[in-house]
Amino acid sequence: MQIKRKKTRVINVGRLRIGGDNPIIVQSMTKTKLEDPGDFRAEVKELIDCGCELIRVAVPEKKSVNNLRKFISNGIFTVPVVADIQFDHNLALECMDIGIDGIRINPGNIGGQSRITEIIEKARRKKVAIRIGINSGSIDKKILKKNNGSIVDSMVESTLESVRLLEKLKFFNFKISAKASSVMDTINVYEAISDRIDYPLHLGITEAGPPFRGSIKSSVGIGVLLSRGIGDTIRVSLTGDPADEVAASYIILGSLNLRKVGVDIISCPTCGRTAEGFRQVVYEIEKLTGGIRKNLKLAVMGCIVNGPGEAKEADIGIAFGKEKAAVFLKGKVVKRIDKKIAVDEFKKNLKRLI
Ligand code: SF4
């Protein structure tokens, strides 16, 4: 089954085109401080190396703008960069002078109509995209009261209010995020928004949690929405390494056949038949293939019962027996080796393929 994506408008964030038939973009956010140049530079490089296509950076104070300016002029961002601004509209205005491609604001907390107008007018002049970022944790109390405490209705109302505001200013180069920490609320909010407007939507579950729990919650929430054709960019938010956020995003998109980037590993869950040492081999292969961007299907199977069947379908496959392991390349057994050298053999074949 191929998912039919909802047609959204196309917007420009730097050289990226988001929405319409463009690929669903994977984003993440830096977690190191702009004041720690070595760490920050290393984090940005890691994010770009692992396939992050748009990087958001928190800009909490004036000195952050100056630090971000240095990084941008040093050319460390080879993908578009978005400044994340909360409350202080002056920071938003200053950021637009340092070469950023987008700004994330919540129009509801930036300080009234005249400040929003100022930001939007400058964004228009500087060709900076806007992300309207509505979050379940910061809904206006008046809107919440008006909607009898319903988070979903309040987030939808806040979003549509912000959209109308930007449209009134004849500014259309924006996308929207409306994330809740509850998976079901997030799904309901995005569905309601998607029914009403056609701006590109950035999906995510906010404050999803530590890596294991957060990846599952994000996969369910983002996955349900994507499967219904909703979503133009995604971020998996984890209390952890941003490279894991990117890896998880691609696995979600790959599982739904929406993007094909990187390695898919098929490995069996193991059982009483599994050959000794198998699990360790799978972990090593996962580590080994983490940064590979080429589309490859790898299979590592723990016994000779189901192993050969799966291994045959893969670019490289290994099916473990008691003493030996059968190596498959593009569906054909090419050799049987001592399973102790399985990882080395895998490495050799991988090298040849990439
Ligand atoms: S492939 Fe073999 S070892 Fe792995 S779970 Fe299935 S039966 Fe068990």
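Residues numbered from 1 in each chain as written. Predicted model: local features only at pLDDT ≥ 70, side-chain atom pairs only at ≥ 80, totals over all residues. Heavy atoms only, no water.

Right, let's get into the domain arrangement of the protein. Structurally, the protein comprises domain 1 (11-255) and domain 2 (263-353). The distance between the C-alpha centroids of domain 1 and domain 2 comes to 39 Å. (Domains from an automatic or database assignment.)

Right, let's get into the sheet that holds strand S10 (residues 233-234). Taken together, eight strands build an open sheet; the order of strands is S8-S7-S6-S5-S4-S3-S10-S9 and the sheet is parallel. On the outer flanks of this sheet lie strand S8 (174-179) and strand S9 (202-203), each paired with one strand and no other. Note that strand S3 (residues 25-29) and S10 share two bridges and pair parallel. Each bridged residue has a counterpart across the sheet, and for Val-26 the counterpart in S10 is Ile-234. (Pairing = 2+ DSSP bridges. Helix = DSSP H or I, 4+ residues; strand = E, 2+ residues; numbered from the N terminus.)

Moving on to the packing of aromatic side chains. The final tally for this structure, using the stated rule, is four aromatic pairs. Measuring from ring centre to ring centre gives 4.6 Å for Phe-40 and Phe-71, while their planes differ by 35°; the resulting arrangement is tilted. One end of the pair, Phe-40, is in helix H1 (residues 37-49); the other, Phe-71, is in helix H2 (residues 62-73), with 31 residues separating them in the sequence. Summarising the aromatic geometry, the rings of Phe-278 and Phe-320 are spaced 5.5 Å apart at their centres and angled 80° between planes, so their arrangement reads as edge-to-face. In this pair, Phe-278 is assigned in helix H10 (residues 278-289) and Phe-320 in strand S13 (residues 316-320), connecting sequence segments 42 residues apart. Residues Phe-278 and Phe-320 agree in their burial class; the two are buried. Following the ring pairs from residue to residue traces out a cluster consisting of Phe-40, Phe-71 and Phe-77. (Phe/Tyr/Trp six-rings, centres within 6.5 Å; stacked < 30°, edge-to-face > 60°. Buried < 20%, exposed > 50% of the residue type's maximum accessible area, 1.4 Å probe, protein only.)

Looking at where Ile-132 falls in the secondary structure, it is placed in strand S7 (residues 129-135). Separated by 60 residues in the primary sequence, Ile-132 and Ile-72 have C-alpha atoms spaced 23 Å apart. Sequence-distant contacts of Ile-132, that is, excluding residues within four places in its chain, are made with Ile-105, Pro-107, Ser-162, Val-163, Leu-166, Phe-174, Lys-175, Ile-176 and Ser-177. (Contact = heavy atoms within 4.5 Å.)

Moving on: the nonpolar core. Core analysis: the biggest nonpolar cluster contains 81 residues, and Phe-77, Ile-85, Ile-100, Ile-103 and Ile-130 have the highest contact counts within it. For this core, the element with the highest residue contribution is helix H6 (residues 151-168), accounting for seven residues. Contact partners of Ile-103, with chain neighbours within four places excluded, come to Val-82, Ala-83, Ile-85, Ala-92, Cys-95, Met-96, Val-128, Ala-129, Ile-130 and Arg-131. Membership of the second largest hydrophobic core comes to 19 residues, among which are Val-282, Ile-292, Ile-318 and Val-343. (Core = buried A, V, L, I, M, F, W, Y, C linked by side-chain atoms within 4.5 Å.)

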